[in-house]
Amino acid sequence: MPNDPEDKKRVLARVRRIRGQCEALERALDSGADCGPVLQQIAAVRGAINGLMAEVLETYIREEFPDSGEGPEARGRELLSLVRSYLK
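Residues numbered from 1 in each chain as written. Predicted model: local features only at pLDDT ≥ 70, side-chain atom pairs only at ≥ 80, totals over all residues. Heavy atoms only, no water.

Right, let's get into the overall build of the chain. Check the secondary structure of the chain and you find three helices and zero strands. For the chain, the N- to C-terminal ordering of α and β elements is α-α-α. The buried share among the 88 residues of the chain stands at 23%. Counted over contacts in the chain with a minimum sequence separation of 6, partners at least 24 positions apart contribute 49%. In the form shown here, the chain has an accessible surface area of approximately 6600 Å², with 55% of it arising from carbon and sulfur atoms. (Helix = DSSP H or I, 4+ residues; strand = E, 2+ residues; numbered from the N terminus. Buried < 20%, exposed > 50% of the residue type's maximum accessible area, 1.4 Å probe, protein only. Contact = heavy atoms within 4.5 Å. Areas by Shrake-Rupley, 256 points an atom, 1.4 Å probe, with all protein chains shown as cover.)

For helix H2 (residues 35-64), with 30 residues, the first-to-last C-alpha span of 43 Å sits near the 44 Å given by 1.5 Å per residue. Along H2, the positions that sit buried rather than exposed are Val 38, Val 45, Ala 48, Gly 51, Leu 52, Ala 54, Glu 55, Thr 59 and Ile 61. (Expected span 1.5 Å × (residues − 1).)

So, on to the environment of Tyr 60. Structurally, the position occupied by Tyr 60 is in helix H2. As for Tyr 60 and Asn 3, which are separated by 57 residues in sequence, their C-alpha atoms are 9.2 Å apart.

On to the confidence of the model for the chain, then. Across the chain, pLDDT averages 85, with 86% of residues at or above 70. Highest mean pLDDT in the chain belongs to helix H1 (residues 5-31) (94); lowest belongs to helix H3 (residues 72-87) (73). (pLDDT = per-residue confidence, 0-100.)

Bringing the side chain of Glu 55 into the picture now. With respect to the helices and strands, the residue Glu 55 is situated in helix H2. Dropping the residues within four chain positions of it, Glu 55 is found in contact with Arg 10, Val 11 and Arg 14.

Set out below in structure tokens:
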């Protein structure tokens, strides 16, 4: 979990938005909405979860590979790039 208060605040805001999206999806399913909009909402939730995963992973990697002006931060940037491309 992010240690920085701003990072934590940003992650929790994402979680709350995802909760809202899931509640909207539940309402759409409960009311018998058409498949098209339901599929769009599912895709939006999946994208939001992937964004959350990327942000938490990025924070974790930044904490584990601090920018010290030596070689490890280059590995951290490379790892971040790989993670971002994987989660898109």
